[in-house]
Amino acid sequence: MECVFGMVGKGFALVVADSSAVNSILVHKSNEDKIMVLDSHKLMGASGEAGDRAQFTEYVQKNVALYQYRNGIPLTTKAAANFMRGELATALRKNPYMVNIVLAGYDKETGPSLYFIDYIATLHKVDKAAFGYGSYFALSMMDRHYHPDMTVDEAIKLADQCIEEIRSRLVVAPQNFIIKIVDQDGAREHSWRRTTKD
């Protein structure tokens with residue numbers, strides 16, 4: 001019962017993901033970090049099959065680093081999103097990755113941005129996005145309370161409301177969540193929301 005969601009505020013973007021590694025009816029671990037730091041100013045929250053998620057996110061991270069190494073400049077968030085979409089579209093006709101992505105980034109020229117990329121290579125630039133069963137509750141909370149000029153504190157409060165709604169309304173709800181933020185100072189972990197220990 002995975003859940004990944006994100007939103008863009010005033011000068012920052014935020015990504016939240018559950019941290020449970022689940023297979024069928026078993027919870028293997030509850031501290032899996034599903035938000036990968038692509039580079040200094042990009043975060044990629046991913047949901048989907050564990051093997052596909054790990055393989056695709058690492059593949060993207062290494063290719064983004066390779067591009068920066070070869071060219072001396074990092075990819076913009078838009079360019080990274082289009083690279084991911086192209087790779088998912090190519091794989092779709094061969095051996096598809098069952099992975100959904102919320103990509104958040106901060107660029108000096110354009111500021112914060114958030115991209116929604118699903119397993120069939122659909123790409124949209126959005127203000128708020130969510131994947132997984134928890135998305136039903138997170139999207140409804142964000143539709144009600146989100147506004148584009150949110151401060152970090154307001155966004156964290158809204159993320160906490162989404163997490164609380166997921167925990168209370170979803171039958172098999174993930175217990176632990178991680179919150180990461182990207183802004184002009186870079187991508188970083190903000191906090192964990194835990195109800196169970198490792």
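Going by what an unreviewed UniProt entry lists, the protein chain is known as Proteasome subunit beta and is assigned to Ambrosia artemisiifolia.

Caption draft 1: Here's a closer look at the overall build of the protein chain. Within the protein chain, the regular secondary structure consists of four helices and 12 strands. Over its C-alpha trace the protein chain gives a radius of gyration of 16 Å, about what one expects of a compact globule, namely 16 Å for 198 residues. On the principal axes, the C-alpha backbone points of the protein chain span a range of 45 × 40 × 30 Å. Taking the intrachain contacts of the protein chain between residues at least 6 apart in sequence as the baseline, contacts between residues at least 24 apart amount to 59%. Entry remark: accessible area of the protein chain is about 10,200 Å², with carbon and sulfur atoms responsible for 50%.

Caption draft 2: Fine view of a nonpolar patch on the surface. On the surface, a cluster of nonpolar side chains totalling about 320 Å² of accessible area is made up of Leu92, Met98, Tyr119 and Ile120. Locating Ile120 in the fold gives a position in the loop between strand S8 (111-117) and strand S9 (123-126).

Caption draft 3: Looking closely at the environment of Leu92. As for its placement among the helices and strands, Leu92 is situated in helix H2 (residues 77-92). Judged by its relative accessible area of 31%, Leu92 is partly exposed. Considered as a pair, Leu92 and Asp153 are 61 residues apart in the sequence and their alpha carbons are 39 Å apart. Not counting residues within four places of it along the chain, the set of residues in contact with Leu92 comprises Tyr119 and Ile120.

Parameters at a glance
- Residues numbered from 1 in each chain as written.
- Predicted model: local features only at pLDDT ≥ 70, side-chain atom pairs only at ≥ 80, totals over all residues.
- Heavy atoms only, no water.
- Helix = DSSP H or I, 4+ residues; strand = E, 2+ residues; numbered from the N terminus.
- Rg over C-alpha atoms; globule rule 2.2 N^0.38 Å.
- Contact = heavy atoms within 4.5 Å.
- Areas by Shrake-Rupley, 256 points an atom, 1.4 Å probe, with all protein chains shown as cover.
- Patch = residues over 30% accessible without salt bridge, like charges linked within 9 Å, V, L, I, M, F, W, Y side chains within 5 Å.
- Salt bridge = Lys/Arg side-chain N within 4 Å of Asp/Glu carboxyl O.
- Buried < 20%, exposed > 50% of the residue type's maximum accessible area, 1.4 Å probe, protein only.

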